[in-house]
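Read off the chains here:
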Amino acid sequence: MIIDGMADRPIKDLGYKTPLEAANTPNMDKLAEMGINGIMDPIRPGIRAGSDTSHISILGYDPYEVYTGRGPFEAAGIGLDVIAGDIAFRCNFSTQDENGLIIDRRAGRIREGTEEIAKSINSLKLEGFEDVEIIFKESTGHRAVLVLRGGGLSDKVSDADPKHEGKPPKKVVPLDDSPEAAKTAKILNKFVETSYNILKDHPINVMRIKEGEQPANVVLPRGVGAVPHIPPFEEKYGVKAVCIAETGLIKGIGRITGMDLIEVEGATGGIDTNLENITKSIVDVAREGSYDFMLINIDGADEAGHDGQIGEKVNFIEKVDSVIGEVMKLDNICFILTADHSTPVSVMDHTGDPVPIVIKGPEVRVDDITEFNERTATKGGLCRIRGSDVMNILMDFMNKSDKFGA
Ligand code: ZN
Ligand code: ZN
């Protein structure tokens, strides 16, 4: 179970405690007391891990090998069947004016109608590039995903998103000298231009303009990545795996590694998420017994960290504590609780500080730690490990790993 971005740095307003130290977390503390504790560098000491690269590392894959960008995981997370070699992008629906300038990068934070808008772009054939399949699907809000499929493509291209309003879409340029990158850049520039031509008069946008809302009349791709060749988790470890996650990014990691996904109603990925439903899903799936491994990600603490909200982070950690209390009641499981990175409220982004980790299981060597937090964990029996050690340690505790040597 990964509590996204839960770890933090000491905060003056909390008497130099971290939110996890300041929060009242009787269940996490009980887990620490019953298990073996340590700290973990999700990738390597000091590396500021993204949620994606950290999860990849914790699942035992090398992020430096399989990760080229966020796009493929976002695409898989919204249910697109991406295949190795596809080039995938995250996109924004944005608003472009008659002068070709982006006046709203999020198209008035559009919420409704994006499915219909996306349909008018999906399967589009671009003139001169009819051999390339265009797969386009809406995600939540103003977000969407673009997948290019076909020969001669590359992920070595820049973003179209200018990142600031009042500028035109950024011209996509190839980032190396290959003909593949040159072709992909041309396709993207054509795609952005064509998206505007198709969407400017789309009925949903005509209606939005009439209602005084910004139209979603252009699509701006960014976050390019090539879908990696990745050995399925089940084959790699010989366990049947399932993923319960809130955000498209983590669901995508579950899907690309071949896990089954459980959708939880009311799981928003924010601090307002429905933790009761998440708890129920975890407990139901575990009791039902058809999986050996469950990847759980709960996202709210990361959001509070990015927003710089100390109180909200402490409150959310306290709420998550009750989820842990219920999971601890399950019999005969190895339970790992950790975070994928620190998201200090002072930094409002991820940092390279290690995160606490605890493992409870039938035969783990329990240490003397009785509280779960960044500081106490440093004195635990696991000492300091890397994300890439986690699956090895778990498979060993589950008696599912092979001996190295005679
Ligand atoms: Zn994260
Ligand atoms: Zn984050």
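Note on numbering: residues in each chain are counted from 1, in written sequence order. Whichever chain is written first is A, and whichever ligand is written first is 1; the rest continue in order. This being a predicted model, a pLDDT of at least 70 is required before a residue's local features are given, and a value of 80 or more before pairs of side-chain atoms are given or counted; all residues contribute to the totals for chains, interfaces and linings. Heavy atoms throughout the structure, all of them, feed into the side-chain values; hydrogens and water do not.

Asker: Please set out the domain arrangement of the chain residue by residue, giving values where relevant.
Answerer: Split by domain assignment, the chain resolves into domain 1 (2-67 + 230-397) and domain 2 (75-226). Domain ranges listed in this record stem from an automatic or a database domain assignment. Summarising the inter-unit geometry, the C-alpha centres of domain 1 and domain 2 are found 33 Å apart. Taken residue by residue, the interface counts five residues in domain 1 and six residues in domain 2. Buried area is calculated as the accessible area (1.4 Å probe) missing from two parts once they are joined, with the contributions of both summed. Across the domain 1 to domain 2 interface the summed buried area is about 390 Å²; carbon plus sulfur atoms make up 53%. Working rule for contacts: check all heavy atoms of both residues, and any pair within 4.5 Å makes them a contact.

Asker: Tell me what's going on with the environment of Leu59, and back it up with residues and numbers.
Answerer: One can find Leu59 in the loop between helix H3 (51-58) and helix H4 (63-66). With 330 residues separating them along the chain, Leu59 and Asp389 place their C-alpha atoms 9.1 Å apart. Those residues within four positions of Leu59 in sequence are excluded, and the remaining contacts are Phe233, Lys236, Tyr237, Ile253, Thr257, Met259, Phe293, Leu295 and Met391. Working definition: helices are DSSP H or I runs of at least four residues, strands are E runs of at least two. Numbering for both runs from the N terminus.

Asker: Please give an account of the coordination of the zinc ion (ligand 2) that cites residues and values.
Answerer: Reference geometry at the metal: tetrahedral coordination by four donors gives ideal angles of 109.5 degrees; octahedral coordination by six donors gives 90 or 180 degrees. Protein coordination of the zinc ion (ligand 2) is provided by Asp302 (OD), Asp302 (OD), His306 (NE2) and His350 (NE2), with donor distances spanning 2.0 to 2.5 Å. The site at the zinc ion (ligand 2) holds four donor atoms, and with the angles between them running 55 to 146 degrees, its shape is irregular. Mapping the donors of the zinc ion (ligand 2) onto the primary sequence gives the spacing D-x3-H-x43-H. Separating the zinc ion (ligand 2) and the zinc ion (ligand 1) is a distance of 4.5 Å. Taken as a pair, Asp302 and His306 lie in helix H12 (residues 300-306) at a separation of four residues, close to a single helical turn. Note that water is not among the atoms used; donors are N, O and S atoms within 2.8 Å of the metal (3.2 Å for Na, K and Ca), so sites may look incomplete. Geometry is assigned from donor-metal-donor angles: four donors are tetrahedral when every angle falls between 85 and 135 degrees, four are square planar and six octahedral when opposite donors sit over 155 degrees apart with all other angles between 65 and 115, and any other arrangement is irregular.

Asker: Report on the coordination of the zinc ion (ligand 1), specifying residues and quantitative values.
Answerer: The protein atoms that coordinate the zinc ion (ligand 1) are Asp4 (OD), Asp4 (OD), Ser51 (OG), Asp340 (OD) and His341 (NE2), at distances of 1.9 to 2.7 Å. Each residue's exposure class comes from its accessible area (1.4 Å probe, protein chains only) as a fraction of the maximum for that residue type: buried when under 20%, exposed when over 50%, partly exposed otherwise. Classification of His341 as buried rests on a relative accessible area of 1%.

Asker: Which residues make up the layout of surface pockets, and what values do they have?
Answerer: Using a grid of 1 Å spacing that covers the protein atoms alone, one calls a set of points a cavity when a 1.4 Å probe fits there but cannot get out, and a pocket when the set is open and has protein on both sides within 12 Å along at least five of seven lines; lining residues are those with an atom within 4 Å of a point. Grid points are joined across faces, edges and corners, and a volume is the space filled by probe spheres set on the points. As a volume, the largest pocket reaches approximately 1400 Å³. As for the largest pocket, its lining consists of 39 residues, and the residues nearest its centre are Arg70, Thr140, Arg143, Thr247 and Thr268. Elements represented by at least two residues in the lining of the largest pocket include exactly H3, helix H5 (71-77), strand S3 (87-96), helix H10 (248-256) and H12. Here the lining of the largest pocket takes four residues from H10, the largest share from any one element. For this classification, the nonpolar set comprises Ala, Val, Leu, Ile, Met, Phe, Trp, Tyr, Cys and Pro, the charged set comprises Asp, Glu, Lys and Arg, and every other residue, Gly included, is treated as polar. Considering only residue class, the lining of the largest pocket consists of five nonpolar, 15 polar and 19 charged. Shared between two domains, the lining of the largest pocket holds at least three residues of each, these being domain 1 (2-67 + 230-397) and domain 2 (75-226). Empty space within the second largest pocket amounts to approximately 730 Å³. If you go around the second largest pocket, you meet 31 residues; those closest to its centre are Asp292, Phe293, Met294, Ile333 and Cys334. Only helix H11 (275-288), strand S10 (293-298), strand S11 (335-338) and helix H14 (387-397) provide two or more residues apiece to the lining of the second largest pocket.

Asker: Please give an account of the nonpolar core that cites residues and values.
Answerer: Nonpolar cores were defined as sets of buried Ala, Val, Leu, Ile, Met, Phe, Trp, Tyr and Cys residues, with membership established by side-chain atoms within 4.5 Å. Ranked by size, the top nonpolar core spans 83 residues in total, and within it Met1, Phe233 and Phe293 carry the most contacts. Tallying contributions element by element places helix H13 (residues 310-328) first for this core, with nine residues. Both domain 1 (2-67 + 230-397) and domain 2 (75-226) contribute no fewer than three residues apiece to this core. Apart from residues no more than four positions distant in its own chain, Met1 is found in contact with Ile282, Ile296, Val323, Ile324, Val327, Phe335, Ile336, Leu337 and Thr338. Counting 37 residues, the second-largest nonpolar core is a separate cluster that includes Ile102, Leu146, Ala185 and Ala226.

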